[in-house]
Amino acid sequence: MTPMDAELAHDLAPTGVLRASINLGNPVLAQGTPDEPSGVTVELAREVAARLALPVRFICFDAARKSYAAMAEGHADLCFLAVDPDREKDVAFSTPYVHIEGVYAAPVNSAFVSADDVDRDGVRIGVKKGSAYDLHLSRTLRHATVVRGDEGVDVFHAEGLDVAAGIRQPLTAHVSQRAELRLLEPAFMTIRQAMGTTKERRPKTAQFLSELVTELVTSGFVAEALRHSGQDPTLTAPTAVRRGPGRRQRLRDG
């Protein structure tokens, strides 16, 4: 380890262990159990730890808001969250590693033709509390009302709402099992998933994370980690940055 790596390791993980906050509530990014998590975020955390010669400990949650709170309150050193202006008050984000979409589902007999029809007076939208799409819709909707629950589809069904909002992949799977529902196109937002740490860390630490994510995106590491976990590798975030010199990456099981 170089002196610079040692400095980065101490700044990012002052306890000597990289504490990575993992959101198991997003099945695209993380799978498994709190004892044995897996997925692209887990692989990325392992790669950060390996680059800095640190052991890694996974702290798992079932919702992004809980993962964010762990980061903001100092219980985690590294997080994997959607970039959002509200979160950027506390979190220094890397460049994105994955892009996913926020979409709506509605009853097949509803009057909505597309997602653009949803923001109307009287329309109620079920969302997962504290999710990226909750934050986005709460900030951008002008007429429709957000109704929060532990899961967007659950509160949608329980309260007979007009629309459910969610991540495309799990919401598509839910709709495929419900003949009375359909997806509304197009997606209402692109969710840029990134790595992050607290803004109290040194700027060089945040820069290291951002440059590493760019390298792992352009090298194909992120696409392979998605494929390895049964997800679509084309969800890898686009980047115009060419791959520069760097150390060899590999997926790490365990």
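This text gives an overview of the structure that appears in the document. Note that the coordinates shown come from a computational prediction; the quantities given were computed from them, not determined experimentally.

1. A closer look at the overall build of the protein chain
Then, in step 1: Within the protein chain, the regular secondary structure consists of 8 helices and 10 strands.
Then, in step 2: Against the compact-globule benchmark of 18 Å for 254 residues, the protein chain has a radius of gyration of 19 Å, which places it among compact chains.
Then, in step 3: In terms of overall dimensions, the protein chain has a C-alpha envelope of 65 × 35 × 35 Å along the principal axes.
Then, in step 4: Taking the contacts inside the protein chain whose residues are at least 6 apart along the sequence as the reference set, 71% of them involve residues at least 24 apart.
Then, in step 5: For the protein chain, the exposed surface amounts to about 11,800 Å²; the carbon and sulfur share of it is 51%.
Then, in step 6: The averaged location of the 33 negative side-chain charges in the protein chain is 4 Å from the averaged location of its 30 positive side-chain charges.

2. Observations concerning helix α2 (residues 40-51)
Then, in step 1: Helix length check: α2, at 12 residues, gives a terminal C-alpha distance of 17 Å against a target of 16 Å (1.5 Å per residue), a fit within 8%.
Then, in step 2: With 11 of 12 residues buried, α2 is to be regarded as a mostly interior element.
Then, in step 3: Of all the residues in α2, the buried ones are Val40, Thr41, Val42, Glu43, Leu44, Ala45, Arg46, Glu47, Val48, Ala49 and Arg51.
Then, in step 4: Looking one or two residues past α2, alanine 53 carries a phi angle of roughly 55°, positive in sign.

3. Here we look at the packing of aromatic side chains
Then, in step 1: All chains considered together, the criterion is met by 2 aromatic pairs.
Then, in step 2: With 4.4 Å between their ring centres and 25° between their planes, tyrosine 104 and phenylalanine 188 make a pair best called stacked. Placement of tyrosine 104 in strand β6 (residues 91-107) and of phenylalanine 188 in strand β10 (residues 181-198) is noted, with a sequence separation of 84 residues between them. Comparing tyrosine 104 with phenylalanine 188 shows no difference in burial state: the two are buried.

4. A short note on the nonpolar core
Then, in step 1: Judged by nonpolar contacts, the single largest core of 59 residues is most densely connected at Leu44, Val48, Tyr97, Tyr104, Ile125, Leu137 and Val222.
Then, in step 2: Discounting chain neighbours no more than four positions away, the residues touching valine 222 are Val40, Leu44, Tyr97, Val98, Leu216, Val217 and Thr236.
Then, in step 3: Core analysis: the second largest hydrophobic core is formed by 11 residues, Phe156, Leu161, Ala164 and Val175 among them.

5. Remarks on helix α1 (residues 3-12)
Then, in step 1: By the burial criterion, the buried members of α1 are Asp5, Leu8, Ala9, Asp11 and Leu12. Down the axis, α1 shows its buried residues gathered within 165° of arc, on one side only. Residues of α1 that are exposed and point more than 90 degrees away from the buried face comprise Pro3 and His10.
Then, in step 2: Buried residues along α1 sit against β1 (18-23), α2, β10 and α7 (203-218).

6. Focus on the side chain of arginine 19
Then, in step 1: You can see arginine 19 is positioned in strand β1.
Then, in step 2: The class for arginine 19 is buried, based on a relative accessible area of 14%.
Then, in step 3: Among the polar contacts made by the side chain of arginine 19, one reaches the main-chain carbonyl oxygen of glycine 74 at a distance of 3.3 Å.
Then, in step 4: Ignoring anything within four residues of it in the chain, the contact list for arginine 19 reads Arg57, Ile59, Gly74, His75, Ala76, Asp77 and Leu78.

7. Some words on the packing of α2 against α7
Then, in step 1: Across the interface, α2 lies against α7 with an axial gap of 11 Å and an inter-helix angle of 120°. By the angle between their axes, α2 is oblique relative to α7. Helix-helix and strand crossings are classified by hand; for α2 and α7 the assignment is right-handed. Listed contacts from α7 to Leu44, Glu47, Val48 and Arg51 of α2 are Phe208, Leu209, Leu212, Glu215 and Leu216.
Then, in step 2: For the contact of α2 with α7, the residue count by class is 6 nonpolar, no polar and 3 charged.

Basis of the calculations
- Residues numbered from 1 in each chain as written.
- Predicted model: local features only at pLDDT ≥ 70, side-chain atom pairs only at ≥ 80, totals over all residues.
- Heavy atoms only, no water.
- Helix = DSSP H or I, 4+ residues; strand = E, 2+ residues; numbered from the N terminus.
- Rg over C-alpha atoms; globule rule 2.2 N^0.38 Å.
- Contact = heavy atoms within 4.5 Å.
- Areas by Shrake-Rupley, 256 points an atom, 1.4 Å probe, with all protein chains shown as cover.
- Lys, Arg positive; Asp, Glu negative; His and termini not counted.
- Charge placed at Lys NZ, Arg CZ, Asp CG, Glu CD.
- Expected span 1.5 Å × (residues − 1).
- Buried < 20%, exposed > 50% of the residue type's maximum accessible area, 1.4 Å probe, protein only.
- Phe/Tyr/Trp six-rings, centres within 6.5 Å; stacked < 30°, edge-to-face > 60°.
- Core = buried A, V, L, I, M, F, W, Y, C linked by side-chain atoms within 4.5 Å.
- Arc of directions from axis to C-beta.
- Polar contact = N/O pair within 3.5 Å; in protein donor to acceptor, adjacent residues only side chain to side chain.
- Axes fitted to C-alpha atoms, helices over the stretch in contact; angles between N-to-C directions.
- Parallel < 35°, antiparallel > 145°, perpendicular 65-115°, else oblique.
- Left-handed = near helix turned anticlockwise from the far one by under 90°.
- Nonpolar A, V, L, I, M, F, W, Y, C, P; charged D, E, K, R; others polar.

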